[in-house]
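Survey of secondary and tertiary structure
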Amino acid sequence: MSPLGRFQAPWIAAIQTSSHDCSVDFPSYPCSDPQSLISTSNPLSFETGTGASIFTQTLLPAILKAKKEVILVTCFWAPSSTLTALSETLEKLAKTREEHIRSLGPEHPDDENLEPLHIRICFSSRSLFQKLLHPSSKEGYTYPPSKWGSKLGLPDPKLLEAGLINLEVKSLFFLPFSVMHPKFLIIDRQSAWLPSCNVSWESWLECCVEITGEAVAELLRFYHSVWGRNTKDNGRSPASDGLWPRVDRSTNLYRVGLTSIQSPARCLVPLPSDNTPTIILPSSHQRNPRFRPFPWQRHPCPPASPLNCAILRLIAMAESKIYLQTPNLTSAAVIEALVGALDRGIDVTIVTSRGMMVLEQLLTGGTTTSWCLRSLIKLYTRRQKLPRRSTRQNTGDDSNDMLGLDLESGAPKLGSLEIFYFQPSSANQQPQVPEEPVHSHVKLTLVDDEWVVLGSGNMDRASWFTSQELGILFRSDRLASGVKDALGQALGERLVPLFRSEATAVQG
């Protein structure tokens with residue numbers, strides 16, 4: 001039996017039987033060959049914190065020990081403590097390499113082991129004007145070295161060149177709303193991190209998972225199909241250390257003169273490092289938002305991307321509980337699927353943010369999270385009044401095959417619904433503690449304490465229709481337990497209930 005059990009076949013069928021034209025997707029291979037997205041990985045750690053703490057505590061130290069290649073993909077790029085720390089790290093790396101080159105003496109400068117360090121930085125959004133004037137080509141815009149410092153806050157090109165660092169910076173954006181939203185870091189084609197945070201200034205609750213194994217190659221394939229389309233060498237073998245000095249994984253940032261930013265919400269937990277069934281889940285951007293502005297119009301079905309289909313499949317096959325943490329919740333398809341799960345007796349918990357990116361929600365979805373939550377609560381309270389059986393019945397079938405209301409026996413017992421808003425810790429507000437998160441930017445779907453989806457995708461209309469996204473799915477109860485433990489510590493007293501039910505029903 002497949003290690004992905006009853007998830008795999010319906011998920012592949014949902015992608016392949018869709019009327020959506022995969023040939024226009026960017027990239028197109030995920031929809032035409034979803035089977036190839038399935039692999040395994042060795043999850044090493046899961047971390048919570050703010051963007052600045054995750055970058056300075058985890059991602060930048062990983063960059064510092066790179067030998068051959070660094071691939072950093074993010075969405076938003078803005079002046080911030082994170083950007084300053086990134087620039088400092090690249091400067092330190094260049095100076096360390098330059099000093100090492102000098103220490104080898106004149107007999108080594110052409111040694112084949114002193115290969116350049118290739119660093120690729122990719123992002124989508126830097127400013128409003130940058131997006132309005134951005135080239136519409138899939139080749140994007142490559143920043144010349146003369147703009148690295150003035151426009152992007154990066155080190156002097158001469159300093160990088162002296163350390164044999166080959167830097168390339170590229171952006172991609174498609175009007176009107178199509179940002180490239182994925183975020184990941186790949187070091188030497190051996191290790192990868194998928195954070196939820198950008199190179200930006202916001203103090204939000206973020207998370208990051210670290211992996212090695214087969215899934216890194218699949219992540220690299222996604223990178224080359226989007227950002228490295230014209231790269232001559234798409235298959236360099238994993239790096240060897242050669243003559244470059246080793247930077248220990250536990251390097252103290254203070255000792256090497258780098259910024260280390262702490263957050264009271266930081267929690268790092270080790271994960272079981274084994275061959276965990278894993279799927280890399282891309283979702284192509286769509287330039288047509290397919291708006292339905294009139295109330296009598298039914299919402300359109302979202303594109304059948306691997307990520308969208310995976311989320312809907314997991315909700316449909318849930319047997320006991322669903323935990324959803326998302327910055328915003330405006331996707332009608334997700335809300336409809338959750339209502340179907342509640343009708344089957346599945347307990348649903350939602351953690352989201354209040355008043356986060358409201359203008360963006362209105363522009364890309366014509367609604368807001370608070371409006372959608374109010375509608376969900378109304379739907380739920382109406383269902384509480386229906387006659388119900390006292391025992392839960394769950395067939396495990398898709399939501400389309402759900403048992404409907406039976407006038408004699410009643411519907412299955414309604415699942416419980418809990419909705420929480422994230423809020424800063426009151427203990428850290430007076431006096432205000434630096435890097436106390438003010439919103440939650442974590443993107444997590446957890447089903448039956450066994451299926452875990454992380455990555456860049458929100459449960460809002462923009463992520464489901466117009467933005468390019470990238471998720472990663474794991475099947476592992478031990479990994480799910482580690483993620484729950486870390487988030488439990490990070491959320492602590494940072495949740496305020498909006499709605500709680502005991503799933504009581506009128507007995508028929």
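Residues numbered from 1 in each chain as written. Predicted model: local features only at pLDDT ≥ 70, side-chain atom pairs only at ≥ 80, totals over all residues. Heavy atoms only, no water.

1. What to know about the nonpolar core
Within the largest apolar cluster, 99 residues are counted, with the highest numbers of intra-cluster contacts made by Phe-7, Trp-11, Phe-46, Phe-184 and Leu-473. For this core, the leading source of residues is helix α10 (residues 332-343), giving 8 residues. Counting residues in each nonpolar core, the second largest holds 37 residues, with Ile-63, Leu-72, Leu-86 and Trp-193 among its members. (Core = buried A, V, L, I, M, F, W, Y, C linked by side-chain atoms within 4.5 Å. Buried < 20%, exposed > 50% of the residue type's maximum accessible area, 1.4 Å probe, protein only. Helix = DSSP H or I, 4+ residues; strand = E, 2+ residues; numbered from the N terminus.)

2. A short note on empty space enclosed by the protein
This structure, assessed with the given rule, holds 6 cavities of 30 Å³ or more. Its boundaries defined by the atoms lining it, the largest cavity holds a volume of some 120 Å³. Lining the largest cavity are 16 residues, with Leu-307, Ile-311, Val-453, Gly-457 and Met-459 sitting closest to its centre. Looking at the lining of the largest cavity residue by residue, the class counts come to 7 nonpolar, 8 polar and 1 charged. (1 Å grid on protein atoms, 1.4 Å probe; cavity = no way out; pocket = protein on both sides within 12 Å on 5 of 7 lines; lining within 4 Å. Points joined across faces, edges and corners; volume = space filled by probe spheres on them. Nonpolar A, V, L, I, M, F, W, Y, C, P; charged D, E, K, R; others polar.)

3. Thoughts on helix α9 (residues 306-317)
Helix length check: α9 (12 residues) gives 16 Å between terminal C-alpha atoms against 16 Å at 1.5 Å per residue, within 8%. In terms of burial, α9 is largely enclosed, as 11 of its 12 residues are buried. Among the residues making up α9, those that are buried are Pro-306, Leu-307, Asn-308, Cys-309, Ala-310, Ile-311, Arg-313, Leu-314, Ile-315, Ala-316 and Met-317. (Expected span 1.5 Å × (residues − 1).)

4. Let's talk about the confidence of the model for the protein chain
Summarising the model, the protein chain shows a mean pLDDT of 87, and 84% of its residues fall at 70 or more. In the model, residues 398-408 has pLDDT below 50 throughout and makes 12 contacts with residues more than four positions away in sequence or in other chains. Note that residues 503-508 has pLDDT below 50 and, in this model, 19 contacts with residues that lie over four places away or in other chains. (pLDDT = per-residue confidence, 0-100. Contact = heavy atoms within 4.5 Å.)

5. Some remarks on the packing of aromatic side chains
Scanning the entire structure with this criterion turns up 8 aromatic pairs. Judged by centre distance (5.5 Å) and plane angle (35 degrees), the rings of Phe-7 and Trp-451 are tilted. Taken together, the residues span a long stretch of sequence, with Phe-7 in helix α1 (residues 5-16) and Trp-451 in strand β19 (residues 451-455) at a distance of 444 residues. The pair formed by Phe-7 and Trp-451 is uniform in burial state, with each residue classed as buried. Taken together, a centroid distance of 6.1 Å and an interplanar angle of 90 degrees make the contact between Phe-26 and Phe-174 edge-to-face. You can see Phe-26 sitting in the loop between α1 and α2 (29-32) and its partner Phe-174 sitting in strand β6 (residues 173-174), a full 148 residues away along the chain. There is no split in this pair, since Phe-26 and Phe-174 are both buried. (Phe/Tyr/Trp six-rings, centres within 6.5 Å; stacked < 30°, edge-to-face > 60°.)

6. Thoughts on a nonpolar patch on the surface
Together, Leu-128, Phe-129, Leu-132, Leu-133 and Leu-175 make up an exposed nonpolar region whose accessible area comes to about 570 Å². With respect to the helices and strands, the residue Leu-132 is situated in helix α5 (residues 128-132). (Patch = residues over 30% accessible without salt bridge, like charges linked within 9 Å, V, L, I, M, F, W, Y side chains within 5 Å. Areas by Shrake-Rupley, 256 points an atom, 1.4 Å probe, with all protein chains shown as cover. Salt bridge = Lys/Arg side-chain N within 4 Å of Asp/Glu carboxyl O.)

7. Here we look at unusual backbone geometry
A cis geometry characterises the amide bond from Phe-26 onward to Pro-27, with omega recorded as 5 degrees. Residue Leu-175 is joined to Pro-176 through a cis peptide bond whose omega torsion reads 5 degrees. Mapping Pro-176 onto the fold places it in the loop between β6 and β7 (178-179). You will see that Asp-188, though not glycine, has its phi angle at about 55 degrees, which is positive. In this model, Glu-435 sits at a positive phi of 65 degrees, which is unusual for a non-glycine residue. Mapped onto the secondary structure, Glu-435 falls in the loop between β16 (417-422) and β17 (439-440).

8. Examining the pairing of strand β10 (residues 204-212)
Across the 9 residues of β10, 9 count as buried, placing the element largely inside the fold. Burial along β10 is two-sided: the face carrying Trp-204, Glu-206, Cys-208, Glu-210 and Thr-212 and the face carrying Leu-205, Cys-207, Val-209 and Ile-211 are both buried. Direction of pairing for strand β9 (residues 191-195) relative to β10: antiparallel, over a ladder of 5 bridges. Each residue of the ladder has a partner; that of Ser-191, found in β10, is Thr-212. Strand direction decides the pairing type here: β10 and β17, joined by 2 bridges, are parallel. Note that in β17 the partner of Trp-204 across the bridge is His-439. (Pairing = 2+ DSSP bridges.)

9. Description of α1
Along α1, the residues classified as buried are Gly-5, Phe-7, Gln-8, Trp-11, Ile-12 and Ile-15. Around the axis of α1, the buried residues are gathered within 110 degrees of arc, so they sit on the same side. Structurally, α1 contributes buried residues whose contacts are with α2, β1 (38-49), β12 (276-283), α9, β19 and β20 (469-475). (Arc of directions from axis to C-beta.)

10. Let's talk about a positive patch on the surface
Together, Arg-374, Lys-378, Arg-382 and Lys-385 make up a region of like positive charge exposed at the surface. The exposure class of Arg-382 is exposed, given its relative accessible area of 56%. (Lys, Arg positive; Asp, Glu negative; His and termini not counted. Charge placed at Lys NZ, Arg CZ, Asp CG, Glu CD.)

11. What about the packing of α10 against helix α12 (residues 369-384)?
Relative orientation of the contacting elements α10 and α12 amounts to 25 degrees, with a least axis distance of 11 Å. Viewed along their axes, α10 and α12 adopt a mutual orientation that is roughly parallel. Judged by the sense of rotation from one axis to the other, the crossing of α10 with α12 is right-handed. Every residue of α12 that contacts α10 at Ile-335, Val-339, Leu-342 and Asp-343 is listed here: Cys-372, Leu-376, Leu-379, Tyr-380 and Arg-383. Split into classes, the residues belonging to the contact of α10 with α12 amount to 7 nonpolar, no polar and 2 charged. (Axes fitted to C-alpha atoms, helices over the stretch in contact; angles between N-to-C directions. Parallel < 35°, antiparallel > 145°, perpendicular 65-115°, else oblique. Left-handed = near helix turned anticlockwise from the far one by under 90°.)

12. A word on the side chain of Thr-445
Looking at the element boundaries, Thr-445 is found in strand β18 (residues 444-447). Thr-445 gets classed as buried once you look at its relative accessible area, which sits at 1%.

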